Amino acid sequence: MIEQIQRKLDLIREKNKDRIRLLISCPDQSGIVASVTKFLHEHGANIIQSDQYSTDPENGGMFFMRIEFVLPNLAERMQALEEDFARVGGRFRMEWKFSHAGRLKRMAIFVSREDHCLMELLWQWQAGVLPADIVLVISNHPDLGPVVEQWKIPFYHIPVTKENKREAEREQLELLMRYDIDVSVLARYMQILSPEFVAEQPNRIINIHHSFLPAFVGARPYERAYERGVKIIGATSHYVTNDLDEGPIIEQDVLRVNHKHNVEALKRMGRTVERNVLARAVIWHLEDRVIVHNNKTIVFE
């Protein structure tokens, strides 16, 4: 199985070896698109896809852009491309980033005891839909170790208590550094991360919350939803910040429920929403479709 997955990932790398993405955010003003496309034309790039969005353009809002293009012999030209584009970026006061599509992001998954979000990510990975190298799984419980090991992925059991939390997080961060991790995914990892941990990966930790935020922040959202008698339940995937469950939202979805559904039914139905929402959010991040601005996201689907 793992050999088939690696073959699919190698095909993605080969297909995208000369493909690059450019993400831009800056104050809205005339000439941005023309200047960017002219720059790419002058460097021999072939634009594959271009998306843009402006907030209140008539009153000096913000401009956001995602542009994907092919540039022959990209590996040899990447450094010069970035150095040359810095002049364009400076002129328009841009925050900008080039991302090589053929360099798949290295991903760590954090789990506790529930497996549905983890399994969805692994299934999408197996299907070749999730373009990443899943290089390790970290858990505060040993329960899912045998499942992960079937996929030939290193599994690290690091117990977390109030007494050892700082030491446990230090061990986790050392693993992320050792494996050169680009993004961490909390696939129902039932621990609150410290500000020090979050600061090490700004906008690179993706969480799934089993509620349609901002409703029912924190623990036991299904129980509280049942007590409130809600008619919809949902899930929210967001970047982790120091404010519990209040980071920039990437994706959400809902299901209709009624008075016949008890708490266990809500949880069972909610698992489907959770795993689908998380998978979509992770894939969009891996494909560089998300720009964070303040506490919001612009998602180019």
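Residues numbered from 1 in each chain as written. Predicted model: local features only at pLDDT ≥ 70, side-chain atom pairs only at ≥ 80, totals over all residues. Heavy atoms only, no water.

Here we look at the packing of aromatic side chains
Next up, step 1: Counting across every chain of the model gives nine aromatic pairs.
Next up, step 2: Where Phe 39 meets Phe 85, the ring centres are 5.2 Å apart and the plane angle is 70°; that geometry is what we call edge-to-face. Of this pair, Phe 39 sits in helix H2 (residues 32-42) while Phe 85 sits in helix H3 (residues 74-91), placing them 46 residues apart in sequence. Take Phe 39 and Phe 85: they sit in the same class, and that class is buried.
Next up, step 3: Aromatic ring contacts, followed pair by pair, group Phe 39, Phe 69, Phe 85, Trp 96 and Phe 98 into a single cluster. (Phe/Tyr/Trp six-rings, centres within 6.5 Å; stacked < 30°, edge-to-face > 60°. Helix = DSSP H or I, 4+ residues; strand = E, 2+ residues; numbered from the N terminus. Buried < 20%, exposed > 50% of the residue type's maximum accessible area, 1.4 Å probe, protein only.)

Let's talk about the packing of helix H4 (residues 116-126) against helix H9 (residues 263-286)
Next up, step 1: Interhelical geometry of H4 versus H9 gives an angle of 45° and a closest axis separation of 9 Å. Of the possible angle classes, the one that applies to H4 and H9 is oblique. The two elements H4 and H9 meet at a crossing, and its hand is right-handed. Here His 116, Cys 117, Glu 120, Leu 121 and Gln 124 of H4 come into contact with H9, specifically with Arg 271, Glu 274, Arg 275, Asn 276, Leu 278, Ala 279, Val 282 and Ile 283.
Next up, step 2: Of the residues contributing to the contact of H4 with H9, the split by class is six nonpolar, three polar and four charged. (Axes fitted to C-alpha atoms, helices over the stretch in contact; angles between N-to-C directions. Parallel < 35°, antiparallel > 145°, perpendicular 65-115°, else oblique. Left-handed = near helix turned anticlockwise from the far one by under 90°. Contact = heavy atoms within 4.5 Å. Nonpolar A, V, L, I, M, F, W, Y, C, P; charged D, E, K, R; others polar.)

Focus on the pattern of salt bridges
Next up, step 1: In the structure shown here, the tally under the stated rule is 22 salt bridges.
Next up, step 2: A salt bridge links Lys 267 to Glu 223; the shortest N-O distance between them is 2.9 Å. With Lys 267 in helix H9 and Glu 223 in helix H8 (residues 221-228), this pair connects stretches of sequence that are 44 residues apart.
Next up, step 3: Overall, Lys 267 belongs to the partly exposed group, its relative accessible area being 22%.
Next up, step 4: A relative accessible area of 15% places Glu 223 in the buried class.
Next up, step 5: Salt bridges here are not isolated pairs; linked through shared partners, they connect Arg 19, Arg 21, Arg 66, Glu 68, Lys 105 and Asp 288. (Salt bridge = Lys/Arg side-chain N within 4 Å of Asp/Glu carboxyl O.)

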